[in-house]
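Below, each chain spelled out in residue letters.
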Amino acid sequence: MSQESAYIHSLHVPLDVTDDDSLLTDYIYSAKAYLNNACNKDMSLDDRYKFIVIELATLYYQNRGVLTTVKDFPYSLRVLINQIKI
């Protein structure tokens, strides 16, 4: 199982739903890029990294196609991102 597959399985998408695999992989890459960019370095060795990437990708996936604009991440996710940036 690839690392991206492990992330996708963590999103609790039913196994028989494969139409969104490519979309989810893109969200995971985007979440990784966002976090590394926010921290100005590769954060993949931090214990919180995988959790934050999963939460970001889940947020992106759950809010796809939403007509309303989400202004910020949930508070608990924002706190973790701020901690990892230090």
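Anything mentioned here points back to the structure above.
My aim in this report is to walk through the structure given alongside it, one point at a time. Throughout, residues of each chain are indexed from 1 in the direction in which the sequence is written. Where totals are concerned, whole chains, interfaces and linings use all residues; where local detail is concerned, this predicted model gives features only for residues with pLDDT of at least 70, and gives and counts side-chain atom pairs only at 80 or more. The side-chain values count all of the structure's non-hydrogen atoms but skip hydrogen atoms and water molecules.

Put simply, two rings from Phe, Tyr or Trp (the six-membered ring, in Trp's case) pair if the centres are within 6.5 Å, and we call them stacked under 30 degrees between planes, edge-to-face over 60, tilted for the rest. The tally for this structure, following the rule as stated, stands at 2 aromatic pairs. Look at Tyr-34 and Phe-73: their rings are 5.4 Å apart centre to centre, the planes differ by 85 degrees, and that puts the pair in the edge-to-face class. With Tyr-34 in helix 2 (residues 21–39) and Phe-73 in the loop between helix 3 (49–62) and helix 4 (75–85), this residue pair connects regions lying 39 residues apart in the sequence. Think of it as a cone above the ring: NZ of Lys or CZ of Arg counts as a charge over the ring if it is within 6 Å of the ring centre and within 35 degrees of the ring normal. The cationic tip of Arg-64 hangs over the ring face of Tyr-61; the distance from NZ or CZ to the ring centre is 3.9 Å. Under the DSSP-based scheme used, a helix requires at least four consecutive residues in state H or I and a strand at least two consecutive residues in state E, with every element numbered from the N terminus.

One side-chain nitrogen of Lys or Arg within 4 Å of one carboxyl oxygen of Asp or Glu is enough to make a salt bridge. Going through the model one piece at a time under the given rule, you end up with 1 salt bridge. Note that Asp-46 and Arg-48 form a salt bridge whose closest N and O atoms lie 2.8 Å from each other.

Bringing the nonpolar core into the picture now. Buried Ala, Val, Leu, Ile, Met, Phe, Trp, Tyr and Cys residues form a nonpolar core when they are joined through side-chain atoms within 4.5 Å. Think of it in three bands: with a 1.4 Å probe and only protein chains considered, a residue is buried below 20% of the maximum accessible area for its type, exposed above 50%, and partly exposed in between. One finds Leu-35, Ile-52, Leu-56, Phe-73 and Ile-81 to be the most contacted residues of the largest nonpolar core, which totals 20 residues. Of all elements in the fold, only helix 2, helix 3 and helix 4 reach the threshold of two or more residues within this core. It is helix 3 that provides the largest number of residues to this core, a total of 8 residues. Ile-81 has contacts with Tyr-34, Leu-35, Ile-52, Leu-56 and Phe-73, leaving out every residue within four places of it along the chain. Note on contacts: a residue pair is in contact if any heavy atoms of the two residues lie within 4.5 Å.

Checked against the element boundaries, Arg-48 lands in the loop between helix 2 and helix 3. Linking Arg-48 and Ile-84, residues 36 residues apart in sequence, is a C-alpha distance of 7.5 Å. Other than its neighbours up to four places away in sequence, Arg-48 contacts Leu-80, Gln-83 and Ile-84.

By themselves, these observations are geometric and do not establish any function.
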